[in-house]
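Close look at the chain arrangement
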Amino acid sequence: LKTFVLGWDMMGKLGLQPKVSVGISVNAMGEITRIIYSSPAHRSKLLDVGDFILEVDGEALEGEEAITSALDSDMLFGSFVKLVVRKGASGALATVTLQREA
C-alpha cells in the first residue's frame, strides 16, 4: 500500500479548501466555551474559557453563528484575526491577535 499525503500546495490546484480556525468555540452570548488544545488560541495563552468576544477584526458581532463565521469561515490559512475580548475573571478588555491555521 502506498500512502499519499496531500500537501498545501496541491490543495488549491485540486479545488479543495481546508477549514481554517483559531481553535475556539463560543456560545450564543459570545462567551468562549472551549479552547482546542495546541490551537493558536491555546498557544497564545491570552484567552480563557469564560472570556467574551466583543469584536472580530474591528466589527462588533453578537451570537455564536456570527462570531464563528468571522473567525473560521473562508479565511486564508495563515491570515490574522484581531479580537477584542472582555476577560471573564476581571472584566478587563484585551486585544488579542491570532493567526488562523488548519
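Everything discussed here concerns the structure shown above.
Owing to the predicted nature of the structure, the values given are computational and were not obtained by experimental measurement. (Residues numbered from 1 in each chain as written. Predicted model: local features only at pLDDT ≥ 70, side-chain atom pairs only at ≥ 80, totals over all residues. Heavy atoms only, no water.)

1. Observations concerning the sheet that holds strand 4 (residues 59-60)
To keep it simple, the criterion reads: The pairing criterion is simple: DSSP has to find at least two bridges between the two strands. Helix and strand definitions follow DSSP, with helices as H or I runs of at least four residues and strands as E runs of at least two, each counted in order from the N terminus. Whether two residues are in contact is decided by their heavy atoms: any pair within 4.5 Å suffices. Angles here are taken between N-to-C directions and fall from 0 to 180 degrees, while the axes themselves are lines fitted to C-alpha atoms, restricted in helices to the stretch in contact.
Strand order in the open sheet formed by four strands is 4-3-5-6, and the pairing between neighbours is antiparallel. Looking at strand neighbours, the two that pair on one side only are strand 4 and strand 6 (93-99), the edges of this open sheet. Most of the contacts of helix 3 (residues 64-72) go to strand 3 (residues 52-56), to which it runs at about 55°, and overall it touches strand 3 and strand 5 (80-86).

2. Details of the pattern of salt bridges
Stated precisely, the cut-off is as follows: By definition here, a salt bridge exists when the distance from a side-chain nitrogen of Lys or Arg to a carboxyl oxygen of Asp or Glu is within 4 Å. Exposure classes here rest on a 1.4 Å probe applied to the protein chains alone. A residue is buried below 20% of its type maximum, exposed above 50%, and partly exposed in between.
Per the stated rule, a full pass over the model turns up four salt bridges. When the shortest N-O distance is used, the salt bridge between Arg43 and Glu101 registers 2.5 Å. Taken together, the residues Arg43 in helix 2 (residues 40-44) and Glu101 in the segment after strand 6 connect sequence positions 58 residues apart. Owing to a relative accessible area of 43%, Arg43 belongs among the partly exposed residues under this scheme. One continuous salt-bridge network, built from bridges that share partners, spans Asp48, Asp51 and Lys87.

3. Quick look at helix 3
Every buried residue belonging to helix 3 is among Ile67, Ala70, Leu71 and Asp72, and all of these are buried. Taken together, the buried residues of helix 3 touch strand 1 (24-26), strand 3 and strand 5.

4. Description of the environment of Asn27
Here Asn27 lies in the loop between strand 1 and strand 2 (32-35). Considering only alpha carbons, one finds Asn27 and Glu62, 35 residues apart in sequence, at a separation of 10.0 Å. When near neighbours in sequence (up to four residues on either side) are disregarded, Asn27 contacts Thr33, Gly63 and Glu64.

5. So, unusual backbone geometry
Non-glycine residue Ser38 carries a positive phi angle of around 70°. Position of Ser38 among the secondary structure elements: in the loop between strand 2 and helix 2. Owing to a relative accessible area of 40%, Ser38 belongs among the partly exposed residues under this scheme. Of note, Lys45 is a non-glycine position whose phi angle comes to about 60°, a positive value. Along the chain, the position of Lys45 falls in the loop between helix 2 and strand 3.

6. Things to note about the nonpolar core
Applicable threshold: Take the buried residues of types Ala, Val, Leu, Ile, Met, Phe, Trp, Tyr and Cys, join any two whose side-chain atoms come within 4.5 Å, and each joined set is a nonpolar core.
Ranked by internal contacts, the top residues of the largest apolar core, which has 18 residues, are Ile24, Leu47, Ile53, Val56, Leu71, Leu83 and Leu98. Listing elements by their share of this core, those giving two or more residues are strand 1, strand 2, strand 3, helix 3, strand 5 and strand 6.

7. With respect to the packing of aromatic side chains
Let me state the cut-off plainly: Two aromatic rings from Phe, Tyr or Trp, using only the six-membered ring of Trp, form a pair when their centres are within 6.5 Å; if the ring planes differ by under 30 degrees the pair is stacked, by over 60 it is edge-to-face, and anything between is tilted. Both a distance and an angle decide whether a charge sits over a ring: NZ of Lys or CZ of Arg must be within 6 Å of the ring centre and within 35 degrees of the ring normal.
Enumeration according to the criterion identifies zero aromatic pairs in this entry. It is Arg86 that lies over the ring of Phe52; its NZ or CZ is 4.8 Å from the centre.

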